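Here is how the chains run, residue by residue.
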There are 4 protein chains.
Amino acid sequence: MTDPIFKIGLIGARAFTARELLQILARHPRVEICALQARVERPTPVGDVFGNLRGLEFPDIGEIDLARLTKDLHAVFLCLPHTAAAQHAAPLLERGLRVIDLSADFRYKDLKTYERVYGVRHPAPELLAKAVYGLPETRRPSIIGASLIANPGCYPTATVLSLAPLMKRDLVVPGSIIADCKSGVSGAGRTPTDGTHFCNANESLKAYKVTEHRHESEIEDQVSRLAGEQHAVTFVPHLIPMDRGMYATVYAQLKEPVTAENIQRMFESYYEGEPFIRLLPDNVLPDTKNVASTNFVDISVRVDHKRQRLIITTAIDNLVKGASGQAVQNFNVSFGLPETLGLI
Amino acid sequence: MTDPIFKIGLIGARAFTARELLQILARHPRVEICALQARVERPTPVGDVFGNLRGLEFPDIGEIDLARLTKDLHAVFLCLPHTAAAQHAAPLLERGLRVIDLSADFRYKDLKTYERVYGVRHPAPELLAKAVYGLPETRRPSIIGASLIANPGCYPTATVLSLAPLMKRDLVVPGSIIADCKSGVSGAGRTPTDGTHFCNANESLKAYKVTEHRHESEIEDQVSRLAGEQHAVTFVPHLIPMDRGMYATVYAQLKEPVTAENIQRMFESYYEGEPFIRLLPDNVLPDTKNVASTNFVDISVRVDHKRQRLIITTAIDNLVKGASGQAVQNFNVSFGLPETLGLI
Amino acid sequence: MTDPIFKIGLIGARAFTARELLQILARHPRVEICALQARVERPTPVGDVFGNLRGLEFPDIGEIDLARLTKDLHAVFLCLPHTAAAQHAAPLLERGLRVIDLSADFRYKDLKTYERVYGVRHPAPELLAKAVYGLPETRRPSIIGASLIANPGCYPTATVLSLAPLMKRDLVVPGSIIADCKSGVSGAGRTPTDGTHFCNANESLKAYKVTEHRHESEIEDQVSRLAGEQHAVTFVPHLIPMDRGMYATVYAQLKEPVTAENIQRMFESYYEGEPFIRLLPDNVLPDTKNVASTNFVDISVRVDHKRQRLIITTAIDNLVKGASGQAVQNFNVSFGLPETLGLI
Amino acid sequence: MTDPIFKIGLIGARAFTARELLQILARHPRVEICALQARVERPTPVGDVFGNLRGLEFPDIGEIDLARLTKDLHAVFLCLPHTAAAQHAAPLLERGLRVIDLSADFRYKDLKTYERVYGVRHPAPELLAKAVYGLPETRRPSIIGASLIANPGCYPTATVLSLAPLMKRDLVVPGSIIADCKSGVSGAGRTPTDGTHFCNANESLKAYKVTEHRHESEIEDQVSRLAGEQHAVTFVPHLIPMDRGMYATVYAQLKEPVTAENIQRMFESYYEGEPFIRLLPDNVLPDTKNVASTNFVDISVRVDHKRQRLIITTAIDNLVKGASGQAVQNFNVSFGLPETLGLI
């Protein structure tokens, strides 16, 4: 008796995250990619859009039309902009499909926060209650069997995983958390802009959207939920001259002195058995290069004893654990598959 | 008695080449920048367009309007697209100004070649006879006092300077010349495109416009003029993941054996006294890094004796010697100023 | 009945090529990595040497000692410098193991050529006759069952695959072939030098070892064997500011005019069924980015009709098809496994 | 009457900082470079060490030998490692020369701090009292006429200039300051290492020496002096895949709410008339690209009102304002020359 194959679709197939998804899913032994849709004028071979995927077997990319999706799909990945994602989620769920949404549309429980942060009306607010936040290391049980999974943002993934083991303990001074984050240029998406022009991005490093980035509220929301109380987080993103990779350097004031060993044990215990978390030995610091094109999360925790402060450094690949790899991880968890399928 | 100051204007002030020109001219002891014009909606400080020039003293950039140019200008640099440049050159020349045009509009003597290669009608064909090709190392006398100077293309600059010392001698097999050229991304201009997106250009190397690049005919034209007979040149440009820099690797079949020493002497003699040509010692090869942000041309000549072939490697900065630095060099030559003013 | 598993060893486990091999073999469904050896002072976890492989299951790296190799190995990959590789090959072959050697030691049939080019005495000349050159697309039959496989150099791989479909036909003017090749910095190996220092390599492009690179003779040797007559090839390598990727721009003079369609068909016919060769459609040119971390070879053929010259552009990943991927491909071919195992 | 020319020497002429100094001083209208010394085996032309300086006029680099220095020098720049610098400073001062030292040897007033942080005995502790810390924007009066100037570290330059306008006011909660700093690879110096290998540094971002970097104590020392009370500063440096450029993102908790306008005015007032400080308008953030190869310091101040925290972002070129440009600025200040000579 062979293992069943899950039939999946992908809408928004021209995004960088779609390219990553296709690359991962092509190696996934329990998945068949049945339908690809995007804003295209005519059916387009995947290799014409993503030259690196030329010669691999995929269906052509068709225009976006839910009616044309294969009948017996099990799940659909949405690589669409916010609001577009929510518009497509509802009819897909009605058809009984599971939806893994890579946009921000279902990441908040609170409608008002979403509408304030994104400056739009939510197209399907009735689904917010149904959605689960897909960060398996913090809430795996709720993802098992879930039909609507909100894949986290890249910055929140790196930042929340830096803090999760601490937040249940009464260790950190509220309001003291600072997340100084750094992202490769692919985080800015596929559309060419002045900022993503090679000649502007290369040999350039800059902060952007200081105190104004949308992920700030997602980080605060998740950190506060884990803590059981409100935590304000200062979040400053920076653009780095590299293609992929994300780094969070997270600072938190300690309420009272703790030893490095205790903190290390706290992290080890919280992340015990996690297949994608690599807590680094104490002479090693994370490097984005080491997680590139993988779903791994490299974490190091240091104590600045002199200033009674924790310094957690965390590296992920923004397109994998920060997007498409985590989407597949959520898919695996949702359907009860081994969590690393297609990912290691 | 102090040296006279030359008043200059610059039209097309938002291009990468304009940024370089401003940077060079700001250090030029005999120049006053009096007018900057570009497609802007309102007068715009230079520092708002080019963050690196913030805090330096320049007039604001105004809209393009020849009537508003300062009355007593001596010269105008045109950083405009082809055809737009030619449209503006005529009225400027009528006012008695000298024009240094960085576009392709006046690089050909033959109207038909221009119109075929660029696929447009020339807006001012009557000026072609008046224009001089601004490659001082090959035709300095004609540039002195010239009122309309066609600044060469970047690829032709690197390639023609690789070949110039050879072409008067009957050394090279006609049709045997191949110019395998490599350019940094700034050569593609300021407009953001898929090809200049950091995530596509980084860790990427690709040939483009093989046998179809417009500079091919400019190279053939100049090489043939220097040789006094028609020379076909195969030209293949490549895009390299760096901001600035251009490299020409030029191959030419020898009619009969020559020694490396003879060839070296031929180059030394041809380029004797040239302030920007650096003929490298025989254990050194050009590196774009060494000419970055300079007007230097680093050249090395090797003989592949086994195959009776010359291999000339040449590095320039595509934005400086390949564009704006050469424009200032032409300006200096035209007005009889020391050729290195503002450039070394 | 399950498929048999092949037990393999790897000597020289600290090289960049070893890192790639481990990454590929970790996904290979028919391989068990049993022994890793390198110049280490004590047994060292793979993750301490290659941070990206931390957390994956490998044996520790032990010191180089053939006596300690697992008894029932099937094959050993050698990632050693030349001469060191040959020294280890003989005893391994005597034990009945198959050897895939990534060094240059067994790439030549002619002892004198090897000793002249590499400037050393060959430690095991008696094995030269036994060795097969592991470029499956050109000589697959001889690799099946072979016990000593000389994995080709990266430049020869890209260049020979650019030319192979042409060489049996009497199309190309002897002596007219020029291979202008470009390599990412990883081609220079793991040892830090002035040339590989980020600050020297970044924003830098330079030719090196013009007419003096060792791969020139390997290219000439292979091209001449395919042609059945001696072909001289001018070969100029360039260093490009990227990590991985290799590009060959190959020029060849045609004896008589041919159409682009005929040439294209020649290539299609020669490479029909090849799983790793992607002949690109005529509006697309190879890009190193599209083959990064894959075993694919992207090839485009253009005819410069005006100058009766072929221009073939070819992109590979120097560490994969140019080294470790091809080594696994050879392993698969040698043992009669599906050729793409572990590689697609 | 012409302006007097200052004769200068440079010891340690092979460092990256020496290359920058030579480039700046070559354009300095009041300087003559009379002597270059470094660890060389024979007199070496500058162009052989720094290919970009080939063809410019410099004396050859000789071995280090103070006795051979030109007799009538006015000043010497030391680009030597710590302790070596101090060893050479004493005899130079005795000869009546002014010394601008780019090492850490004279940056501390407190001998014990220096010896603890650098883990060495100071070779010339008697000179500590004589030395002035060469950050002109914070202590120009003491630099005028100074004979021994300790050129600040790159990280302290960026961090202290981010904080200086605040420290005299009783605004910042002591112990709350965090400096999250990012540096290009040239900050790691010229020696090739695993960390500076292109293949490791490219597409890589990592924190290093968290809570252990030597510049931390220099930052605390300077900030505390400016404040008139002890301030602990958490300092985390990161290595960024770019050649040059440094970024400080500095966080400080406010004792009580302040408006952005007040803070902005505080900075404007403190830095009024400073030729190298560019306080950016409130819609612009610093970018290392905009200060590359310049002595400018781009600063932006933001208030995170929600968390009552200041966020100051500052960009410098680590090799210019962070080293050689500041050295020339100090030279100019010391000798009473216009401060921007050679630098704008």
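What you see is a predicted model, and the numbers here were worked out from it, not measured in a lab.

Q: Would you take a moment to explain the sheet that holds strand β8 (residues 177-183) of chain B for this structure?
A: In a beta sheet, neighbouring strands are held together by backbone hydrogen bonds and run either parallel or antiparallel to one another. Residue and element names in this part refer to chain B. Read from one edge of the open sheet, seven strands run β9-β10-β8-β11-β14-β13-β12, paired in mixed fashion. Each end of this open sheet is capped by a strand with a single partner; those strands are β9 (206-207) and β12 (277-279). Pairing analysis gives two bridges linking β9 to strand β10 (residues 233-239), with the strands arranged antiparallel. Looking at β10, one finds that alanine 207 is bridged to histidine 238. Contacting β12, β13 (297-304) and β14 (309-316), helix α9 (residues 260-270) runs over the sheet at an angle of about 155 degrees to β13.

Q: Help me understand the interface of chain A and chain D in this model?
A: Accessible area lost when the parts come together is the quantity often used to give the size of an interface. Each partner contributes to the interface: chain A provides 46 residues, whereas chain D provides 46 residues. Carbon and sulfur atoms supply 53% of the area buried between chain A and chain D, which totals about 3600 Å² over both sides. Among the residues of chain A in contact with chain D, Glu203, Leu205 and Arg307 of chain A are the three that bury the most area, contributing 19% of the side total. At the boundary of chain A and chain D, one finds ten salt bridges. The salt bridge involving glutamate 220 of chain A is made with arginine 307 of chain D; its shortest N-O contact spans 2.6 Å. The interface formed by chain A and chain D holds 38 residue pairs in polar contact (both at pLDDT 80 or more) in total. Residue composition of the side of chain A that touches chain D, grouped by class: 18 nonpolar, eleven polar and 17 charged.

Q: Could you clarify how one ought to interpret the sheet that holds strand β4 (residues 75-78) of chain D in this entry?
A: All names here are of chain D. Sheet architecture is open: seven strands sit in the order β3-β2-β1-β4-β5-β7-β6, paired in parallel fashion. The open sheet is flanked by β3 (61-62) and β6 (132-133), the only strands paired with a single partner. Along the sheet face, helix α1 (residues 16-26) touches β1 (6-11), β2 (31-37) and β4 and points at about 155 degrees away from the line of β2.

Q: What am I meant to see in the domain arrangement of chain A here?
A: All names here are of chain A. Examined at the domain level, chain A breaks down into domain 1 (6-130) and domain 2 (155-318). Taking the mean C-alpha position of each, domain 1 and domain 2 sit 27 Å from one another. Tallying the contact residues gives twelve residues for domain 1 and eleven residues for domain 2. Note on domain 1 versus domain 2: buried area summed over both sides is about 1100 Å², and carbon and sulfur give 44% of it. Of all residues in domain 1, Phe16, Arg107 and Tyr108 give up the largest surface area on contact with domain 2, accounting jointly for 45% of the area buried on that side. On the surface where domain 1 and domain 2 come into contact, there are two salt bridges. Residue arginine 244 pairs with glutamate 20 through a salt bridge whose shortest N-O separation is 2.4 Å. Between the two partners, domain 1 and domain 2, sit five residue pairs in polar contact (both at pLDDT 80 or more).

Q: Please explain the relation of the copies chain C and chain A as it appears in this structure.
A: Two chain copies here: they are related by a rotation about an axis and a translation along the same axis. Rotating chain C by 180 degrees about the axis while translating it 0.0 Å along that axis superimposes it on chain A, leaving an RMSD of 0.0 Å. Look at the turn and shift together and you get a two-fold axis relating the two. By C-alpha distance to the rotation axis, the residue of chain C lying nearest is glutamate 203 of chain C, at 4.7 Å. Taken as a fraction of all interface residues of chain C, those also at the interface in chain A reach 100%, which identifies the copy contact as same-surface.

Q: Honestly, the packing of aromatic side chains in this entry has me stumped. Any pointers?
A: Geometrically, a pair of aromatic rings is defined through the distance of the ring centres and the angle of the planes. All names here are of chain A. Taken as a whole and assessed by the stated rule, the structure comprises 46 aromatic pairs over all chains. Taking the centre distance of 5.0 Å and the plane angle of 70 degrees together, the rings of tyrosine 155 and phenylalanine 235 count as edge-to-face. Placement of tyrosine 155 in helix α6 (residues 154-167) and of phenylalanine 235 in strand β10 (residues 233-239) is noted, with a sequence separation of 80 residues between them. Classification of tyrosine 155 as buried rests on a relative accessible area of 2%. Residue classification places phenylalanine 235 among the buried residues on the basis of a relative accessible area of 1%. On the numbers, 6.3 Å between centres and 65 degrees between planes, the contact of phenylalanine 276 with phenylalanine 296 is edge-to-face. Here the residue phenylalanine 276 occupies a position in the loop between α9 (260-270) and β12 (277-279), and phenylalanine 296 occupies one in the loop between α10 (288-291) and β13 (297-304), the gap between them amounting to 20 residues. A relative accessible area of 0% means that phenylalanine 276 is categorised as buried. You can call phenylalanine 296 buried: its relative accessible area is 6%. By the ring-pair criterion, three or more aromatic residues cluster together here, those being Phe6, Phe77, Phe331 and Phe335.

Q: Just to check I follow, could you spell out helix α1 (residues 16-26) of chain A for this structure?
A: One turn of the α-helix equals 3.6 residues, which is why residues spaced by three or four share an orientation. Here α1 of chain A lies mainly inside the structure; nine of its eleven residues are buried. Looking only at α1 of chain A, the buried set comprises Phe16, Thr17, Ala18, Arg19, Glu20, Leu21, Leu22, Ile24 and Leu25 of chain A. Where the residues of α1 of chain A are buried, they touch β1 (6-11), β2 (31-37), α2 (46-49), β4 (75-78) and α11 (320-334) of chain A together with α7 (198-201) of chain B.

Q: Please explain the interface of chain C and chain A as it appears in this structure.
A: Listed as interface residues are 18 residues of chain C and, on the opposing side, 18 residues of chain A. Among the residues chain C hides against chain A, the three largest losses belong to Arg27, Arg54 and Arg278 of chain C. Together they make up 34% of the total. There are two salt bridges connecting chain C and chain A. The partner of lysine 289 of chain A in a salt bridge is aspartate 243 of chain C, with the nearest N and O atoms 3.6 Å apart. Connecting chain C to chain A are eight residue pairs in polar contact (both at pLDDT 80 or more). In terms of residue class, the side of chain C that touches chain A is built from seven nonpolar, five polar and six charged.

Q: Teacher, can you tell me more about empty space enclosed by the protein here?
A: Gaps left between atoms are located by rolling a probe of water-molecule size over the structure's atoms. Tallying each qualifying case throughout the model produces five cavities of 30 Å³ or more. Empty space within the largest cavity amounts to approximately 100 Å³. Lining of the largest cavity is provided by 13 residues; of these, Asn202 of chain A, Asn202 and Pro241 of chain B, Asn202 of chain C together with Asn202 of chain D occupy positions nearest its centre. For the lining of the largest cavity, the per-class residue count stands at eight nonpolar, four polar and one charged.

What counts and what doesn't
Residues numbered from 1 in each chain as written. Chains lettered and ligands numbered in written order. Predicted model: local features only at pLDDT ≥ 70, side-chain atom pairs only at ≥ 80, totals over all residues. Heavy atoms only, no water. Pairing = 2+ DSSP bridges. Helix = DSSP H or I, 4+ residues; strand = E, 2+ residues; numbered from the N terminus. Contact = heavy atoms within 4.5 Å. Axes fitted to C-alpha atoms, helices over the stretch in contact; angles between N-to-C directions. Buried area = accessible area lost by both parts, 1.4 Å probe. Salt bridge = Lys/Arg side-chain N within 4 Å of Asp/Glu carboxyl O. Polar contact = N/O pair within 3.5 Å; in protein donor to acceptor, adjacent residues only side chain to side chain. Nonpolar A, V, L, I, M, F, W, Y, C, P; charged D, E, K, R; others polar. Domains from an automatic or database assignment. Least-squares fit on C-alpha atoms with pLDDT ≥ 70 in both. Phe/Tyr/Trp six-rings, centres within 6.5 Å; stacked < 30°, edge-to-face > 60°. Buried < 20%, exposed > 50% of the residue type's maximum accessible area, 1.4 Å probe, protein only. 1 Å grid on protein atoms, 1.4 Å probe; cavity = no way out; pocket = protein on both sides within 12 Å on 5 of 7 lines; lining within 4 Å. Points joined across faces, edges and corners; volume = space filled by probe spheres on them.

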